[in-house]
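Observations on chain architecture
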There are 2 protein chains.
Amino acid sequence: MGNQEPDTALRDGAGLPAHERVYRRLRTMVLFGELEPGQAVTIQGLTNQLGVGMTPVREALRRLIAEGALAFQDNRRICVPVLDAAAVEQLGLARAALEPELARRAATRATADDIARLRATDARLDRAIARGDVAGYLTQNHRFHAELNAIAEAPILTDMVDGLWLRFGPSLRVVCGLFGTRNLPDRHKDLLAALDARDSAAAAEAMHQDVSQGMAQIRAGLE
Amino acid sequence: MGNQEPDTALRDGAGLPAHERVYRRLRTMVLFGELEPGQAVTIQGLTNQLGVGMTPVREALRRLIAEGALAFQDNRRICVPVLDAAAVEQLGLARAALEPELARRAATRATADDIARLRATDARLDRAIARGDVAGYLTQNHRFHAELNAIAEAPILTDMVDGLWLRFGPSLRVVCGLFGTRNLPDRHKDLLAALDARDSAAAAEAMHQDVSQGMAQIRAGLE
DNA sequence: CCGGAAATAATTTGATCATATTCTGTCCGC
DNA sequence: GCGGACAGAATATGATCAAATTATTTCCGG
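Residues numbered from 1 in each chain as written. Chains lettered and ligands numbered in written order. Predicted model: local features only at pLDDT ≥ 70, side-chain atom pairs only at ≥ 80, totals over all residues. Heavy atoms only, no water.

- An unreviewed UniProt entry annotates chain A as GntR family transcriptional regulator of Thalassococcus profundi.

Next up, the structure:
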């Protein structure tokens, strides 16, 4: 059979280099659990699937591996990492150390517009949970935290946190697939109240709770 | 002129893929300040200098950029990042959040052999300082922290911290070049005492001091 | 004669390179 | 000062080589 059209998912992002498009595509796939933990990823498979040469694919993979989103197998195969209890613990520690600091900063900088935007995202998040829409939950939850981190204006910390989300994304998806959208932690209401009040300490505390509960959920879901 | 022999610094690591060798070489160059902040790095320059094709060089650069060791210029040129005050502040926050935790864990796991090895490294560090040997100071100081982090057995946290060191390496070298090895902070004695006593809290506190003083030094050195 | 382990052949996949194409910034002539 | 040609550098492709996994065959013991 001939090669089908080069994957509609790359239609946007025209003008960007091919390796950047491949990177973004794979990144969202990992972040939202479209690839499951342990799944193998081959270079040639991606070149066929995405309709680009191997050099851009290679670079995108190298970048994702450096960020921990993908991992080398014992041999030289590439796959989505499988988290063990120790990994989840370390990711939780790192998140608990960094994300409250971002929330603290956001509380001192958030404008009324910023908070309104966050509240709108949180409303979409609640609707997705009520609907039992796992993909919607993952998307909107990430969006909420990403918008909050952007307000903090700390690009280095934000990049580090993004890397952490990338690492537990596939596992979070698995856990949500098991338990649905019930029992999902959500300290966003406390957080929004703290932002309204410009209360840095309360914002940091709310974020700490949100992170702790979220990681506990993942740990529990992996038995 | 013809191309000279393919760089003696790549002689070791035989058997590893070329992109891995290029990555390690560039990584140590950045980590120990052999490249100064703002310096441009070209792909073709590296292919000539290291005697490899451009694909391995491309992958190594992509990886280093993902780790923050190198950065894109406005156009698509690559250079060593120049840190501003905000960047140093965020790096300091992240280090202060993560490295004390690693010290805490190391205190609960360190064997007598581990501590002896650390003490030997610290002795070499002191000799380098007394000698005014900047390169030796940078090497042994990094080695001390790397050995300590290895004891903590937390690979994810250790990787994150390694990435942070990569970011401020070039600037630390500049500061040391300005001020020599005088006034360099060193809470390593407190740290070793805490390890001897298996005192996690004291180890974390000593590391927090070491990090804070080190980052303050860098911030001061950049005016 | 049958089943399974070891050895070997075939396919798949990763690594590297040489080359072509595109883009950016610069320099010269008008 | 402006526009177009030129040079340099990065991006992207396909071909080629090496390593590894899988499939197949062979051979031996029961």
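**Section: the UniProt feature "domain: HTH gntR-type" (unreviewed entry) in chain A**
- The positions that UniProt labels "domain: HTH gntR-type" (unreviewed entry) are, in the present scheme, residues 16–83 of chain A.
- Taken as a whole, residues 16–83 of chain A contains 51% helix and 9% strand, while its terminal C-alpha atoms sit 33 Å from one another. (UniProt positions renumbered as here; feature names shortened; annotations may be inferred. Helix = DSSP H or I, 4+ residues; strand = E, 2+ residues; numbered from the N terminus.)

**Section: the sheet that holds strand β1 (residues 40–41) of chain A**
- In spatial order, the strands read β1-β3-β2 (chain A); together these 3 strands make up an open sheet with antiparallel pairing. In the strand order of this sheet, the two ends are held by β1 and β2 (71–72) of chain A, each with one partner. (Pairing = 2+ DSSP bridges.)

**Overview of the relation of the copies chain A and chain B**
- If you rotate chain A by 180° and push it 0.0 Å along the axis, it lands on chain B with an RMSD of 0.1 Å. Both copies are brought into coincidence by an operation consistent with a two-fold rotation axis.
- An overlap of 100% is found between the interface residues of chain A and their copies at the interface of chain B, pointing to a shared contact surface. (Least-squares fit on C-alpha atoms with pLDDT ≥ 70 in both. Contact = heavy atoms within 4.5 Å.)

**A closer look at the packing of aromatic side chains**
Residues and elements named next belong to chain A.
- Scanning the model with the defined rule gives 2 aromatic pairs over all chains in all.
- When the centroid spacing of 5.3 Å and the interplanar angle of 45° are considered together, the rings of W165 and F168 count as tilted. Pair noted here: W165 and F168 are both in helix α7 (residues 155–179), with a separation of 3 residues, about one helical turn. Both residues of the pair, W165 and F168, belong to the buried class.
- For the cation-ring pair, R63 lies above Y23, with the distance from its terminal atom to the ring centre recorded as 3.6 Å. (Phe/Tyr/Trp six-rings, centres within 6.5 Å; stacked < 30°, edge-to-face > 60°. Buried < 20%, exposed > 50% of the residue type's maximum accessible area, 1.4 Å probe, protein only. Lys NZ or Arg CZ within 6 Å of the ring centre and 35° of its normal.)

**Here's the deal with the protein's contact with DNA strand C**
- Around DNA strand C sit 19 residues, and of these I43(A), R58(A), A18(B), G53(B) and T55(B) come closest.
- For DNA strand C, a phosphate oxygen lies 2.9 Å from a polar atom in the backbone of I43(A).
- Within the residue set of the surface near DNA strand C, elements represented by two or more residues are α2 (43–50) and α3 (54–66) of chain A together with α1 (18–31) and α3 (54–66) of chain B.
- Its residues placed into classes, the surface near DNA strand C shows 8 nonpolar, 6 polar and 5 charged. (Near = heavy atom within 4 Å. Polar contact = N/O pair within 3.5 Å; in protein donor to acceptor, adjacent residues only side chain to side chain. Nonpolar A, V, L, I, M, F, W, Y, C, P; charged D, E, K, R; others polar.)

**Remarks on the side chain of T181(B)**
All names here are of chain B.
- Tracing the sequence through the fold places T181 in the loop between α7 (155–179) and α8 (188–196).
- Judged by its relative accessible area of 9%, T181 is buried.
- A distance of 2.9 Å separates the side chain of T181 from the backbone oxygen of I129, its partner in a polar contact.

**Structural notes on the sheet that holds strand β1 (residues 40–41) of chain B**
All names here are of chain B.
- Spatially, the 3 strands line up as an open sheet ordered β1-β3-β2, and their pairing is antiparallel. Every interior strand has two partners, whereas the edge strands, β1 and β2 (71–72), have only one.
- Pairing of β2 with strand β3 (residues 78–79) involves 2 bridges; the strand directions are antiparallel. Within β3, the position partnered with F72 by the bridge is I78.

**Examining the interface of chain A and chain B**
- The partner chain B presents 26 residues to the 26 residues of chain A that form the contact.
- When the two sides are added together, the surface that chain A and chain B hide from each other amounts to roughly 2,300 Å², 66% of it contributed by carbon and sulfur.
- Considering only the surface of chain A that becomes buried against chain B, R62(A), Q90(A) and I156(A) emerge as the three largest contributors, covering 27% of it.
- Applying the counting criterion to the chain A and chain B interface returns 6 salt bridges.
- With a shortest N-O distance of 2.6 Å, E59(A) and R62(B) are connected by a salt bridge.
- Taken together, the elements giving at least two residues each to the side of chain A that touches chain B come down to α3, α4 (85–109) and α7 of chain A. (Buried area = accessible area lost by both parts, 1.4 Å probe. Salt bridge = Lys/Arg side-chain N within 4 Å of Asp/Glu carboxyl O.)

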